[in-house]
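Okay, here's what each chain looks like letter by letter:
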Amino acid sequence: MARTAGSAWLSWAVIAVLAGLVAAPPAGCVPEEQAPDGVEATIDEVLAAVGPAVVQPRLADFRVRAGGLVAALEAWRDAVDAGSDGLVERDTARQAWRDAMFVWQEAEVMQIGPAASSVTAPLGEDLRDEIYSWPVVNPCRVDQETVEAQWGSPTFFSDNLPNTYGLDAIEHLLWAGPDNTCPGQVPINADGSWDALGEAGITASRASYALATAREVERQAGVLLGRWDDGFTPETAYGSRQDALNALFRSLFYLESVTKDLKLAEPLGLGACTTECAGHAESIPSGASTEWIAANLAGFRALHTAGDDAGLDDLLRNLGHGALADDLLVRLDAADAAAISLGLPIDEALAAGPEGVGALHAAVKAVTDLLKGEVATALALQIPSEAAGDAD
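Because the structure is predicted, anything quoted here is derived from the model rather than measured. (Residues numbered from 1 in each chain as written. Predicted model: local features only at pLDDT ≥ 70, side-chain atom pairs only at ≥ 80, totals over all residues. Heavy atoms only, no water.)

### Observations regarding empty space enclosed by the protein
Reasoning step 1: Evaluation of the coordinates by the stated rule reveals 3 cavities of 30 Å³ or more.
Reasoning step 2: Put simply, the second largest cavity is a space of about 70 Å³.
Reasoning step 3: What lines the second largest cavity is simply Val55, Leu59, Trp104, Ala107, Glu108, Met110, Gln111, Ile112, Ala115, Arg128, Leu224 and Trp228.
Reasoning step 4: Sorting the residues of the lining of the second largest cavity by element identifies helix H2 (39-81), helix H3 (87-107) and helix H9 (193-229) as the ones contributing at least two each.
Reasoning step 5: When the residues that make up the lining of the second largest cavity are grouped by side-chain class, the tally is 9 nonpolar, 1 polar and 2 charged. (1 Å grid on protein atoms, 1.4 Å probe; cavity = no way out; pocket = protein on both sides within 12 Å on 5 of 7 lines; lining within 4 Å. Points joined across faces, edges and corners; volume = space filled by probe spheres on them. Helix = DSSP H or I, 4+ residues; strand = E, 2+ residues; numbered from the N terminus. Nonpolar A, V, L, I, M, F, W, Y, C, P; charged D, E, K, R; others polar.)

Quick look at the structure:
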């Protein structure tokens, strides 16, 4: 029960930006029985390809990389426990974390069914939250748990909210300095328990905590992949082709509501924050924020095109919108180029001036504007209501 409550809370906090679908279908919706010749067959091919061609390979890759992260963190813990400073092993673990995170950032755009929010998405089970909770993170709680050292308890992960574990917590544990992030009145500072650990004790606790968390991430990755391998498929899970396509389309709006709005607009001061906003960037400790935007774009492309299999781009062409399909891919290429051109983490790039991050934001916006405009109309698919009203 504790995990269910925690996941529901987190879903409200994180996925509120991915608000529920509007009830009415957009103008131009074509009933299935009136669809042009061959369209139903293409839709079936698109839905059949989502799992085996797109989602499952990435989840399988992520689980392997999560296993590599576990091994690297185990080596770090063992080195520290043996009296070494563990710096070499920690650096190896940092790279293993980056390797796993890049694949996860691709999968972030693929929150269909089990990975999605149980609050806002049909068939959502909140499994994404169990692996990565950004932007709801709590470094102070991670520091408190570093002192309390209860991660060995069999109920630790069900007793705590996801923002005390997952890939975001591991990032903090791998990159944090000797001090904690809590105010002075928090018990670990007020009672001196943080200082009592000493630098070596803090490092040892962080290494053990990170290892326990990585093992849970690996387990949850197996749970999520298992849901797909055990027979979850969009073409059979949803009540109609239209519902299944809407679920697929909804997932693409991660690029709008999270990548564009939270990862770019917010640090730029175009969102709720209006002054000194660079600290809202993702992955500041590791400096990987721009890499994750590139990975989100790669995940979007994979989900939209399904590689060599049937994707939404093929459905657009089948419906006579080949130029629109080409335009979206051209805009994706431009967004990829803008991410590569930026070359710095978002917070560091902003310190040099807003132009580079602004250009990346504009390039991503060009993709999402087309998605929620002409593409949504051409495919007669529903869009999240928040995205429908977004004007930035």
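### Considering the packing of helix H13 (residues 289-305) against helix H15 (residues 322-342)
Reasoning step 1: Their axes nearest at 9 Å, the elements H13 and H15 cross at an angle of 165°. Relative to H15, the element H13 lies roughly antiparallel. Every pair of crossing elements has a handedness; the one defined by H13 and H15 is left-handed. From H13, Thr290, Ala294, Leu297, Phe300, Arg301, His304 and Thr305 reach across to H15, where they touch Leu328, Leu329, Leu332, Asp333, Ala335, Asp336, Ala339 and Leu342.
Reasoning step 2: A breakdown of the residues in the contact of H13 with H15 according to their chemical character gives 9 nonpolar, 3 polar and 3 charged. (Axes fitted to C-alpha atoms, helices over the stretch in contact; angles between N-to-C directions. Parallel < 35°, antiparallel > 145°, perpendicular 65-115°, else oblique. Left-handed = near helix turned anticlockwise from the far one by under 90°. Contact = heavy atoms within 4.5 Å.)

### Description of the layout of surface pockets
Reasoning step 1: For the largest pocket, the calculated volume is near 440 Å³.
Reasoning step 2: Along the wall of the largest pocket there are 26 residues; nearest its centre are Trp134, Val137, Pro139, Ala281 and Pro285.
Reasoning step 3: For the lining of the largest pocket, the elements supplying multiple residues, two or more each, are helix H5 (139-148), helix H7 (167-175) and helix H12 (254-268).
Reasoning step 4: Of the residues forming the lining of the largest pocket, the biggest block, 4 residues, is contributed by H7.
Reasoning step 5: The residue makeup of the lining of the largest pocket, split by class, is 12 nonpolar, 9 polar and 5 charged.
Reasoning step 6: The volume enclosed by the second largest pocket comes to roughly 300 Å³.

### Examining the confidence of the model for the protein chain
Reasoning step 1: The predicted model of the protein chain has a mean per-residue pLDDT of 90, with 88% of residues at 70 or higher.
Reasoning step 2: Low pLDDT, under 50, characterises residues 1-34; the predicted model gives this stretch 85 contacts beyond four residues in sequence or across chains. (pLDDT = per-residue confidence, 0-100.)

### A word on the side chain of His172
Reasoning step 1: Its location among the elements puts His172 in helix H7.
Reasoning step 2: According to the relative accessible area criterion, His172 is buried, its value standing at 12%. (Buried < 20%, exposed > 50% of the residue type's maximum accessible area, 1.4 Å probe, protein only.)

### Quick look at H12
Reasoning step 1: Helix length check: H12, at 15 residues, gives a terminal C-alpha distance of 18 Å against a target of 21 Å (1.5 Å per residue), a shortfall beyond 12%.
Reasoning step 2: Considering bend angle alone, the principal kink of H12 is centred on Asp261 and spans about 40°.
Reasoning step 3: Among the 15 residues of H12, 14 are classified as buried, and the element is accordingly described as predominantly covered.
Reasoning step 4: Positive phi appears at Gly269, one or two residues downstream of H12, with a value of about 85°. (Expected span 1.5 Å × (residues − 1). Bend = angle between axes of the 7 residues up to and from the residue.)

### Some remarks on the environment of Val142
Reasoning step 1: Its place among the elements puts Val142 in helix H5.
Reasoning step 2: Val142 sits 26 residues away from Asp168 along the chain, and the two C-alpha atoms are 9.9 Å apart.
Reasoning step 3: Ignoring sequence-local partners within four residues, the contact set of Val142 consists of Asn163, Thr164, Ala169, His172, Leu173 and Tyr209.

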